[in-house]
Amino acid sequence: MQGRYEPAAAAEPHRQALELATAFDQPADQARAHDGLAHTHRAQRRPEPARAHWQAALDILTSLGTPYTEDPETIAATIRAHLVTLAGG
């Protein structure tokens, strides 16, 4: 039997990943962690923190000059689409 998805609990591993990625200067991993945190905030109906994390992820990808990370779900185009959706467009 699978448990229920709890966004608040799911955020903790992403917070830890962001902390480690920052400590070890791994910007692609930071982008992935920001993306994960954004998803958890959106699931909690918290658009402002979600927007901030997606923007941080997009800024990192832009600074790296790459549209994606090793995670197939952390893609600049997808992050932009999330930001547009949050903006109501």
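What this report covers is the structure whose coordinates are included nearby. It should be emphasised that the depicted structure is a prediction, and the values quoted were computed from it without experimental measurement.

### Overview of the nonpolar core
- Residues Ala31, Ala38, Ala50, Trp54, Ala57, Leu58, Ile60, Leu61, Ala76, Ile79 and Leu83 constitute the largest nonpolar core, which totals eleven residues.
- Elements that contribute at least two residues to this core include exactly α2 (27–43), α3 (47–64) and α4 (76–86).
- Per-element accounting of this core gives the leading share, six residues, to α3.
- Those residues within four positions of Trp54 in sequence are excluded, and the remaining contacts are Asp35, Ala38, His39, Arg42, Ile79, His82, Leu83 and Leu86.

### Quick look at the environment of Leu58
- In this fold, Leu58 is placed in helix α3.
- Each C-alpha atom, one on Leu58 and one on Ala87, is 15 Å from the other, the two residues being 29 residues apart in sequence.
- Ignoring any residue separated from it by four or fewer positions in sequence, one finds Leu58 in contact with Ala76, Ile79, Arg80 and Leu83.

### Observations regarding unusual backbone geometry
- Unlike most non-glycine residues, Asp25 shows phi in positive territory, near 50 degrees.
- Even without being a glycine, Arg45 presents a positive backbone phi close to 60 degrees.
- Judged by relative accessible area, Arg45 falls into the exposed class, the value being 76%.

Definitions and limits used
Residues numbered from 1 in each chain as written. Predicted model: local features only at pLDDT ≥ 70, side-chain atom pairs only at ≥ 80, totals over all residues. Heavy atoms only, no water. Core = buried A, V, L, I, M, F, W, Y, C linked by side-chain atoms within 4.5 Å. Buried < 20%, exposed > 50% of the residue type's maximum accessible area, 1.4 Å probe, protein only. Helix = DSSP H or I, 4+ residues; strand = E, 2+ residues; numbered from the N terminus. Contact = heavy atoms within 4.5 Å.

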